[in-house]
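# Structural features, examined
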Amino acid sequence: MIRVVSEQSAEVWERLGTYRERYPIDHLLEQVDSLERSIQRREGRHHAIRRRLDDLERQVAAAAAELDAVGKEIAGSRTAGALLIEDILDRVRQENDERWSPTPFRGFRVWRIESGAIWGNQMCWPEPRLESRCLRSVPGDDIPHSLLRCGPPACGVYAVKDLEFFPAGVAGCEMRNMAIGVVTLAGKVVEHELGYRAQRASVVALAIHSGRRRVVTDRASEIEALFRAPVDAITRLENKGVSSPDEARAFLERSQKEDTWT
Amino acid sequence: MDIGKELRVIVVEEEEVLTEPIVVEEERPSVDANKE
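Note that the structure is predicted; figures quoted are calculated from it, not measured. (Residues numbered from 1 in each chain as written. Chains lettered and ligands numbered in written order. Predicted model: local features only at pLDDT ≥ 70, side-chain atom pairs only at ≥ 80, totals over all residues.)

On a plain count of helices and strands, chain B comes out with one helix and one strand. Counting the 36 residues in chain B, one finds 8% classified as buried. (Helix = DSSP H or I, 4+ residues; strand = E, 2+ residues; numbered from the N terminus. Buried ≥ 20, exposed ≤ 12 C-beta atoms within 10 Å, placed from the backbone.)

Encoded structure:
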């Protein structure tokens, strides 16, 4: 008898057997016999379904074990691959003389003051920092590009190592409507013989010359103001920190040497 | 701007600067320890 039958019902069916032996009552049980045959057919189907279910459970358990084993194989292969890749990348870094620094590099760069804003070679600097982009890049690119993958000129925020790079009159900020400053360079920095191309640059010292006014500063708030509204800020800070061209040049050189990672 | 031949790549990873002091709490004796 299947489980769905309650104890009370089972007892009644057993009692029928007793009464069949005790009295000749078969003629009264035509409906009961028909019902019992129907029950027996269903018990056969129930048994078959149970066997199918047991088989499926075994298959699910086997698949789960196989899934677990393959997952472990994948994880192991990934770990082995990571070790191999680390080894290859170490070799590539050594062969290409790639280096690492915990502190930003410092370089010099110049801007022009035009239409009330500060401009680099190709674009406006509305604030004293810039993240480089490349017109030829796609998202996820390693910017700035190296090994002549773009340009000329190659992408990146440019800065030079030495004030001697600039023509006479530039290093001391003697020319009008110009600014010269020290930028910190971070992220990926491509070093060249005379300068750098960087992923990110921030201005940390500035000498600016607009009209007859000049300002020399390394205060972050003043640099911020000079980039956001150069004309207003130069008027407000007029002649602040002003020094001779030689002193301006020395000020920038001192700033460039600060916090250099050796 | 011609800055010469490309020499190498330098990866500059700026260190994070802690802006708040680290507070070390004093270890307090337990109630049971006080009883003893």
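To continue, consider the interface of chain A and chain B. Taken together, the contact pairs 25 residues of chain A with 14 residues of chain B. Of all the elements, strand E6 (residues 178-192) of chain A adds the most residues to the side of chain A that touches chain B, at eight residues. Across six bridges, the pairing between E6(A) and strand E1 (residues 6-12) of chain B is antiparallel. Along E1(B), the bridge assignment pairs Val189(A) with Ile10(B). (Contact = placed C-beta atoms within 7 Å. Pairing = 2+ DSSP bridges.)

With that settled, the discussion passes to unusual backbone geometry. Residue and element names in this part refer to chain A. Look at the link from Ile143 to Pro144: it is a cis peptide, with omega at -5°. Within the secondary structure layout, Pro144 lies in the loop between strand E4 (129-131) and strand E5 (157-160). Look at Asp97: it is not a glycine, yet its phi comes out positive at around 55°. Mapped onto the elements, Asp97 comes out in the loop between helix H2 (30-95) and strand E1 (99-101). According to the C-beta neighbour criterion, Asp97 is exposed, with 11 such atoms within 10 Å. Unusually for a residue other than glycine, Asn177 sits at a positive phi of about 55°. Structurally, Asn177 can be placed in the loop between E5 and E6. Judged by the 13 C-beta atoms lying within 10 Å of it, Asn177 is partly exposed.

What follows is about the domain arrangement of chain A. Taken domain by domain, chain A holds domain 1 (7-95) and domain 2 (105-257). Each of domain 1 of chain A and domain 2 of chain A was reduced to a C-alpha centroid, and the two centroids are 73 Å apart. (Domains from an automatic or database assignment.)

Residue and element names in this part refer to chain A. Across its 13 residues, helix H5 (residues 245-257) extends 19 Å between first and last C-alpha, which sits within 8% of the 18 Å expected from 1.5 Å per residue. Along H5, the residues that are buried comprise Ala248, Phe251, Leu252 and Gln256. Summarising the axial view, the buried residues of H5 lie within an arc of 135°, below the 170-degree limit, and thus occupy one face. Among the exposed residues of H5, those oriented more than 90 degrees off its buried face are Asp246, Arg254 and Lys257. Buried residues belonging to H5 abut strand E2 (105-114), E6, strand E7 (195-210) and strand E8 (213-217). (Expected span 1.5 Å × (residues − 1). Arc of directions from axis to C-beta.)

Another aspect to go through is the environment of Ala65(A). All names here are of chain A. Structurally, Ala65 is set in helix H2. Exposure remark for Ala65: the 10 C-beta atoms within 10 Å place this residue in the exposed category. On a C-alpha basis, the gap between Ala65 and Gly241 in space is 75 Å, while along the polypeptide they are 176 residues apart.

Residue and element names in this part refer to chain A. Membership of the largest hydrophobic core comes to 43 residues, with the highest contact counts inside it found for Ala159, Ala179, Leu185 and Ala207. The element contributing the most residues to this core is E7, with nine residues. Setting aside residues no more than four positions away along its own chain, Ala207 makes contact with Cys173, Ala179, Ile180, Gly181, Val216, Ala248 and Leu252. (Core = buried A, V, L, I, M, F, W, Y, C linked by C-beta atoms within 7 Å.)

Before going further, it helps to examine the pairing of E6(A). Residue and element names in this part refer to chain A. Burial within E6 is extensive, with 14 of its 15 residues counted as buried. The sheet contact formed by E6 and E7 spans 12 bridges and is antiparallel. Each bridged residue has a counterpart across the sheet, and for Met178 the counterpart in E7 is His209. Taking the residues that link successive antiparallel strands as the turn, the E6-E7 hairpin has two residues.

Within the secondary structure, Ser244(A) is located in the loop between helix H4 (230-236) and H5. Residue class for Ser244(A) comes out exposed when judged on the 10 C-beta atoms lying within 10 Å of it.

Okay, the environment of Val11(B) next. Its place among the elements puts Val11(B) in strand E1. Overall, the presence of 14 C-beta atoms within 10 Å leaves Val11(B) in the partly exposed class. Each residue touching Val11(B), except ones within four places of it in the same chain, is listed here: Trp100(A) and Lys188(A).

Here we take up H2(A). All names here are of chain A. Along its 66 residues, H2 runs 96 Å from first to last C-alpha, staying within 8% of the 98 Å computed at 1.5 Å per residue. With zero of 66 residues buried, H2 is to be regarded as a mostly surface element. With its phi angle positive at about 55°, Asp97 sits one or two positions after the end of H2.

Taken across its 16 residues, E7(A) has 15 buried, putting it largely inside the fold. Turn length for the E7(A)-E8(A) hairpin, with the two strands adjacent in sequence and antiparallel, is two residues, and the turn residue Gly211(A) shows positive phi of about 60°.

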